Every structure is written in C-alpha cells, then in structure tokens.
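What follows is the residue order along each chain.
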Amino acid sequence: MAWLELFRDPNAQWILMGSMLLGLSSGVLGSFAYLRKQSLMGDALAHAALPGVCIAFMLTGSKSIFFFLLGAIVAGLAATFGIGYVTRNSRIKQDTALGIILSVFFGLGIVLLTKIQHGGSGNQSGLDKFLFGQAASMVLSDVITMAVVALLLTMVCALLFKEFKLLSFDPGFAKGIGLPVAFLDQFMMFLIVVAVVVGIQAVGVVLMSALLITPAVSARYWTEKLGVMVALSGVFGALSGFFGTLLSGMANNMPTGPLTVLAATFFFVMSVLFAPRRGLLAKLLERLAVKRSVLSEQELRPQLHGIGTAGEPLRKEGQA
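Residues numbered from 1 in each chain as written. Predicted model: local features only at pLDDT ≥ 70, side-chain atom pairs only at ≥ 80, totals over all residues. Heavy atoms only, no water.

(A) Representation of the overall build of the protein chain in the model. A count of helices and strands for the protein chain gives 14 helices and 0 strands. N-terminal to C-terminal, the α/β element order of the protein chain is α-α-α-α-α-α-α-α-α-α-α-α-α-α. A buried classification covers 44% of the 320 residues belonging to the protein chain. When contacts within the protein chain are restricted to residue pairs at least 6 apart in sequence, those whose partners lie at least 24 apart make up 73%. (Helix = DSSP H or I, 4+ residues; strand = E, 2+ residues; numbered from the N terminus. Buried < 20%, exposed > 50% of the residue type's maximum accessible area, 1.4 Å probe, protein only. Contact = heavy atoms within 4.5 Å.)

(B) Highlighting the packing of aromatic side chains. Counted by the stated rule, this structure contains 9 aromatic pairs. The interplanar angle of 10° and the centroid separation of 5.9 Å between the aromatic rings of Phe183 and Phe187 together place this pair among those described as stacked. Remark: Phe187 and Phe183 occur in helix α10 (residues 181-199); sequence separation between them is 4 residues, near one turn of the helix. Where Phe266 meets Phe267, the ring centres are 5.8 Å apart and the plane angle is 65°; that geometry is what we call edge-to-face. Judged by relative accessible area, Phe267 falls into the buried class, the value being 14%. Clustering of aromatic rings is evident, with ring pairs tying together Phe236, Phe242, Phe243, Phe266 and Phe267. (Phe/Tyr/Trp six-rings, centres within 6.5 Å; stacked < 30°, edge-to-face > 60°.)

(C) Focus on the packing of helix α12 (residues 226-250) against helix α13 (residues 256-274). It is at 7 Å that the axes of α12 and α13 come closest, and there the two elements cross at 135°. Judged by the angle between their axes, α12 and α13 are oblique. In the crossing of α12 with α13, the sense of the turn from one axis to the other is right-handed. Facing Phe236, Leu239, Ser240, Gly241, Phe243, Gly244, Thr245, Leu247 and Ser248 of α12, the residues of α13 in contact are Thr256, Leu259, Thr260, Ala263, Ala264, Phe267 and Ser271. (Axes fitted to C-alpha atoms, helices over the stretch in contact; angles between N-to-C directions. Parallel < 35°, antiparallel > 145°, perpendicular 65-115°, else oblique. Left-handed = near helix turned anticlockwise from the far one by under 90°.)

(D) Layout of a nonpolar patch on the surface. Side chains of Trp222, Val269, Leu273, Phe274, Leu280, Leu281, Leu284, Leu285 and Leu288 sit close together on the surface and give an oily, nonpolar patch of about 770 Å² of accessible area. Ranked by the residues each element gives to the nonpolar patch, the list is headed by helix α14 (residues 280-305), at 5 residues. When you line up the elements, Leu273 lands in helix α13. (Patch = residues over 30% accessible without salt bridge, like charges linked within 9 Å, V, L, I, M, F, W, Y side chains within 5 Å. Areas by Shrake-Rupley, 256 points an atom, 1.4 Å probe, with all protein chains shown as cover. Salt bridge = Lys/Arg side-chain N within 4 Å of Asp/Glu carboxyl O.)

(E) Examining empty space enclosed by the protein more closely. Evaluated as defined, the whole model comprises 1 cavity of 30 Å³ or more. In this structure, the largest cavity encloses a volume near 30 Å³. Looking at the lining of the largest cavity, the elements that each hand over two or more residues are α2 (10-35) and α13. Across the lining of the largest cavity, the residue classes break down as 4 nonpolar, 4 polar and no charged. (1 Å grid on protein atoms, 1.4 Å probe; cavity = no way out; pocket = protein on both sides within 12 Å on 5 of 7 lines; lining within 4 Å. Points joined across faces, edges and corners; volume = space filled by probe spheres on them. Nonpolar A, V, L, I, M, F, W, Y, C, P; charged D, E, K, R; others polar.)

(F) Structural view of the side chain of Thr245. Within the fold, Thr245 resides in helix α12. Accessibility expressed as a relative area gives 7% for Thr245, which makes it buried. One polar contact links the side chain of Thr245 to the main-chain carbonyl oxygen of Gly241, over a distance of 2.7 Å. (Polar contact = N/O pair within 3.5 Å; in protein donor to acceptor, adjacent residues only side chain to side chain.)

So this is what it looks like as structure tokens:
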C-alpha cells in the first residue's frame with residue numbers, strides 16, 4: 001500500500017517526525033496565545049515572517065533554513081514591536097494594529113517575492129512554497145533544525161509553565177508578586193515568532209496561525225484544567241502534522257500545509273461534536289434529560305394535587 005511505502009522511506013520518516021514535533025510545539029504555544037486572547041497575533045507574526053525570508057534570500061542568495069530563520073525572526077520581532085508601539089502611542093486598539101501590521105508586512109513580502117522570482121537568480125524556484133508549505137522540499141538538515149527547535153520550544157514552555165499560567169489568567173497578580181510581566185510577554189511573543197518561522201517551510205506563512213490556534217481550541221472543549229489542555233493541544237497538533245504529512249505524501253502535488261490544517265480542523269469538528277461536557281452531542285443529551293425530567297414532573301403533579309397529607313382526597317375549597 002502507498003502509506004506503507006511512505007513509512008519505509010527514510011526521508012519521509014524524518015519529515016513525518018519533524019512535522020509531528022512542529023505540531024506538538026505549535027499546539028503547546030498556541031494554548032497560551034489562545035487563553036490570552038491573542039489568536040490573531042500568531043496570524044500577524046506568520047505573515048510578517050515572509051518579508052524576512054525574502055530579505056534573507058536576497059542578502060545570502062541561498063535557501064538555507066538557518067538564514068531564513070534569522071531573517072524571519074528579525075521581521076517578526078519588528079512586527080511585534082510595531083504592534084506594541086502603535087497600541088501604546090495612539091488610540092488604535094490592538095486588533096486594529098494587528099490587522100495593519102499583518103497587511104503591511106505581508107504586502108511587502110509579496111512584493112519582494114515577486115521581485116525575486118522575476119530576477120536573474122537561478123535558485124529562486126521554490127520560494128513560493130513558503131506561502132502554503134511543502135514538506136517534501138525539505139532536506140535532512142532542515143528537518144533536524146525544525147525538530148531541534150520544536151523540542152526546545154516545548155521544553156521552555158514546560159519549564160516556564162507556572163509563569164505562563166499566571167501571565168495568561170492574572171497578569172496583575174503576577175506583577176504583584178514580582179514576576180517580570182513585560183519581559184515574559186515579549187518572550188512569549190518571541191517563542192511564537194520562532195514557532196512560526198520554523199514551521200513556514202512545512203505549513204506556510206498563510207496557514208501557520210491555524211496550526212497554532214486550532215489544536216488549542218479543540219483541546220479547550222475536553223477539559224477545564226490548563227495542564228491537561230496544553231497536553232491535549234500538543235497531541236492534537238502532533239496528530240495533525242502526522243496526518244497532514246501522510247496525506248501529502250500519498251497524494252501527488254498536494255502541499256503539506258493545507259492538509260495539515262484540514263487534519264487539525266477535523267479534530268476541531270470532532271471536539272465540537274463529541275466532547276464530554278462542552279460538545280454539541282453532550283449538550284443535546286443534557287437537554288433531552290432535562291426535558292424528560294420536566295415532563296415526568298408534569299405527569300406526577302396532578303396526582304400529587306389530588307392526594308391529602310394523610311392519604312385522603314383533598315377537600316375542595318369552601319367545602320365543609
């Protein structure tokens with residue numbers, strides 16, 4: 001079978017492992033971004049990474065993921081500081097600032113990408129794959145870099161779990177006990193930038209934000225505990241990377257990014273329908289149980305009204 005042949009290919013095994021680790025780290029980080037109501041931040045940072053990738057290629061002339069990483073991190077940090085500056089020094093709210101920065105950086109990236117593709121360089125082919133991702137274009141060194149960075153991101157989130165938990169639920173209390181809230185906030189943005197950058201070759205800048213947020217939203221349906229939610233989000237992200245890469249390898253000329261996002265969307269739909277307490281099926285069963293309880297009470301009420309306290313029929317009002 002085609003999927004068995006895919007598992008026997010060593011290169012496919014590496015790509016599969018890298019995509020799963022990417023989904024794991026993205027799901028873990030996305031949980032904190034989702035709880036802090038910064039879902040659009042991942043989208044803005046993903047789109048802001050595109051001009052950084054293009055500038056890195058124009059300066060180096062090589063399609064090295066290391067240089068792309070540096071360029072995209074610089075562009076992502078510039079977008080982060082730009083959003084903060086606009087929000088602090090004007091009446092523009094954060095969601096509007098996010099939309100402005102997203103549009104400006106992505107537009108600049110498309111302009112630079114078009115200029116590169118119409119240039120005289122012979123090795124610019126494949127840069128457009130960063131829009132929607134194509135894991136098959138990765139070499140072993142790219143996969144190793146992506147896997148190492150994804151593991152480091154997961155380890156950092158595990159080490160700073162308590163700090164990120166306070167920052168997500170009660171930043172005022174975190175500041176009161178002496179935690180560097182501003183630094184932690186910027187550091188979390190930096191981690192999201194790194195996660196976005198390391199995943200753009202597999203998923204693409206357009207859809208990377210979906211891999212950050214969708215597993216977290218899916219996990220939220222299943223639990224009320226943050227630790228369980230973060231773990232479930234990582235599992236959903238890893239499974240999305242697994243099935244997306246598997247389907248991409250089995251289908252011809254199908255990019256990995258859209259298939260990975262569709263896999264994440266499948267887990268989201270299953271969570272919405274079948275989660276034990278928040279799912280639509282559970283709520284429907286709860287409503288039916290309440291309805292049956294109300295109907296049974298209504299059926300018993302006439303019998304109770306016709307019986308006295310001592311078991312005798314009640315006298316009608318005014319009867320001697």
